[in-house]
Amino acid sequence: MHEKIDQLREIVEEKFRNESADHDWYHVERVLKLAEFIQGKEGGNLEVVQAAALLHDISDHKLNGGIKNDCARVSREILTSLGADPEFIECVCEIVDRVSFKGAGVEDETGSIELAIVRDADRLDAIGAIGIARAFHYGGKRNCSLYDPDLAPSLHASFEAYSSGESHTLNHFFEKLLLLKDRLTTPAAQEIGLERHELMQHFVDSFLEEWNVNVKWR
Ligand code: ADP
Ligand code: NI
């Protein structure tokens, strides 16, 4: 199995080589490392965690022309081509389409410990310093403004509303990023998440203070 994980890593790295920085191979690699770390603390099957981390964004709707919940289909194809065990393939496929955040008002589906680990790892990479960088990169790519004081955040009740919502980038912090700390479920990830959350909260507070030109020397 170890060898198959190495082969899978090569396939995924190749596929993500030219993706943009909010969603590139380095994102996948960081999620893999975080997931391996959390698995070391929390248990679960290491190979399932590694394969699901590598495949969790393999067919994202933002990159595949709008097809939702397509990661399991593509993962099954790739793992089958590598000759992986059918039971192993099912464990991984159970995870990959359940990782993404689907809106503030949409409850996360529960599942295996491996799902909880990969989801937490993906969420940790969406917050903190890297999270801020990824959000503004994504917003820039979509030509969003940094902030618009007249456009309030909305807590989406469905994946449809969340994924079709167009807003400025600062709203993404209120609609998703600042909510993630309380939506991590493994203690190991919750510990890492705390500091990343605080950094992000400080960033948002400073951003709004600077926007309003609340400078101390005035
Ligand atoms: P993930 O890879 O963690 O599942 P997504 O696929 O939802 O995350 O998004 C990829 C990156 O782009 C994340 O860092 C996310 O926070 C950011 N992002 C997604 N939607 C927006 C948005 N509307 N505005 C700014 N950043 C966004
Ligand atoms: Ni991801």
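Before reading on, note that the structure itself is shown above.
Conventions we followed
Residues numbered from 1 in each chain as written. Chains lettered and ligands numbered in written order. Predicted model: local features only at pLDDT ≥ 70, side-chain atom pairs only at ≥ 80, totals over all residues. Heavy atoms only, no water. Helix = DSSP H or I, 4+ residues; strand = E, 2+ residues; numbered from the N terminus. Donors = N, O, S within 2.8 Å, 3.2 Å for Na, K, Ca; no water. Buried < 20%, exposed > 50% of the residue type's maximum accessible area, 1.4 Å probe, protein only. Phe/Tyr/Trp six-rings, centres within 6.5 Å; stacked < 30°, edge-to-face > 60°. Polar contact = N/O pair within 3.5 Å; in protein donor to acceptor, adjacent residues only side chain to side chain. Contact = heavy atoms within 4.5 Å. Near = heavy atom within 4 Å. Areas by Shrake-Rupley, 256 points an atom, 1.4 Å probe, with all protein chains shown as cover. Nonpolar A, V, L, I, M, F, W, Y, C, P; charged D, E, K, R; others polar.

Residue Asn69 is not a glycine yet carries a positive backbone phi of 50 degrees. In this fold, Asn69 is placed in the loop between helix 3 (46-55) and helix 4 (71-81). A positive phi angle, close to 60 degrees, is found at Asn143, a residue other than glycine. Among the structural elements, Asn143 can be located in the loop between helix 7 (128-141) and helix 8 (159-164).

Coordination of the nickel ion (ligand 2) by the protein is provided by His27 (NE2), His56 (NE2), Asp57 (OD) and Asp122 (OD), with metal-donor distances spanning 2.1 to 2.3 Å. Sequence positions of the residues that donate to the nickel ion (ligand 2) give the spacing H-x28-H-D-x64-D. Placement of His27 in helix 2 (residues 25-42) and of His56 in the loop between helix 3 and helix 4 is noted, with a sequence separation of 29 residues between them. Overall, the relative accessible area of 0% leaves His27 in the buried class.

Under the defined criterion, the tally for this structure stands at nine aromatic pairs. Relative to Phe203, the ring of Phe136 has its centre 5.9 Å away and its plane inclined at 70 degrees; by these criteria the two rings are edge-to-face. Of this pair, Phe136 sits in helix 7 while Phe203 sits in helix 10 (residues 187-211), and the two are 67 residues apart along the sequence. The exposure class of Phe203 is partly exposed, given its relative accessible area of 25%. Ring geometry for Tyr147 versus Phe207: centroids 5.9 Å apart, planes at 90 degrees, classification edge-to-face.

Turning to the side chain of Asp57, a few remarks are in order. Of note, Asp57 is situated in the loop between helix 3 and helix 4. A distance of 2.8 Å separates the side chain of Asp57 from the side chain of His56, its partner in a polar contact. Ignoring anything within four residues of it in the chain, the contact list for Asp57 reads Phe16, His23, His27, Cys71 and Asp122.

What follows covers the site of ligand 1. Surveying the vicinity of ligand 1 reveals 14 residues, the closest of which are His23, Asp57, Lys62, Asp122 and His172. Here His27 contributes a side-chain N or O atom positioned 3.2 Å from an oxygen atom of ligand 1. The side chain of Asp57 places a nitrogen or oxygen atom 3.2 Å from an oxygen atom of ligand 1. For ligand 1, whose unbound accessible area comes to 540 Å², protein coverage reaches 89%. In terms of residues, the shell around ligand 1 owes the most to one element, helix 7, which gives three residues. For the shell around ligand 1, the per-class residue count stands at three nonpolar, four polar and seven charged.

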